[in-house]
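Chains, contacts and geometry: an overview
Below, each chain spelled out in residue letters.
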Amino acid sequence: MTHDRVELVIFDCDGVLVDSERIYCRVDRQVFAELGAEFTEAELVEHFVGSPTEIWTALVEERRGRPLPAGWHEPFRPLYEQALDAELTAVEGITEVLDALSVPYCLASNGSHASIHRNLTRTGLLDRFEGRVFSARDVARGKPAPDLFLHAAASMGVPPEHCAVVEDSAYGVRAARAAGMRAFGYCGGLTRADRLEGPGTRVFGHMRELPGLLGAGAVS
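First, a word on what this report is: a plain description of the structure on this page. Since the structure is predicted, the reported quantities are computational estimates derived from the model, not experimental observations.

This next bit is on helix α3 (residues 53–64). With 12 residues, α3 ought to run about 16 Å at 1.5 Å a step, and its terminal C-alpha atoms sit 17 Å apart, in line with that. Along α3, the residues that are buried comprise T57, V60 and R64. The buried residues of α3 all sit within an arc of 65° when viewed along its axis, so they share a single face. Among the exposed residues of α3, those oriented more than 90 degrees off its buried face are E54 and E62. Turning to α3, the residues buried within the fold contact α1 (21–34). Directly after α3, the chain includes G65, whose backbone phi takes a positive value near 80°.

Set out below in structure tokens:
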């Protein structure tokens, strides 16, 4: 596959734009323990970060030995909202990256539109992505399937081979590769570099490196 210059940058949200994964993992561990499913932090990072709903739900049900009841998450919703309200920040360097990019960009996340909107609002990033937000709820399959990234590219009018995807999870980089897009794996969060490495993928440790890697200019 031949790639020319990048014409669209597709950002994941959690862990790439907003520093939410540490918060989610901490609260997840508490919530799942109350539901009878104990996980270590390492297990949460490996299996839950960036995973589609059906994958992590199956893992929780397997660990607790029985299905989750309908509406199980509702009593725990305030725990997540309070933690995010108190602690959520933008990923260090991301605003400088967005300012430096000379090509269009958008957002494609396994999260719901409501959660994406709340987290972008909390971190002051909403205006930068207004009208360019794509959720796994918009397609048949979320990441690691390629559907979401292909939908985002088509909506933005850019062929997949001219798209670059910025991800912090193994599920995300797998989806980018499956979509025929270049993947940039951000290992400055929870996911280890070796879980992001693979064909067509450049792994980097600080967000300010990204514009240079994309060929869109440097950020000082």
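Having seen the model, we can carry on.
Of all hydrophobic cores here, the largest spans 51 residues; its most connected members are F11, F32 and L120. If one sorts the elements of this core by residue count, α1 sits on top with 6 residues. Residues within four places of F32 in sequence aside, it is in contact with A37, F39, L44, F48, W56, V60 and W72. Counting residues in each nonpolar core, the second largest holds 21 residues, with L8, L148, V158 and A175 among its members.

In this structure, P144 follows K143 across a cis peptide bond, with omega equal to 20°. Tracing the chain through its elements places P144 in the loop between β3 (133–135) and α8 (147–156).

Rules behind the numbers
- Residues numbered from 1 in each chain as written.
- Predicted model: local features only at pLDDT ≥ 70, side-chain atom pairs only at ≥ 80, totals over all residues.
- Heavy atoms only, no water.
- Helix = DSSP H or I, 4+ residues; strand = E, 2+ residues; numbered from the N terminus.
- Expected span 1.5 Å × (residues − 1).
- Buried < 20%, exposed > 50% of the residue type's maximum accessible area, 1.4 Å probe, protein only.
- Arc of directions from axis to C-beta.
- Contact = heavy atoms within 4.5 Å.
- Core = buried A, V, L, I, M, F, W, Y, C linked by side-chain atoms within 4.5 Å.

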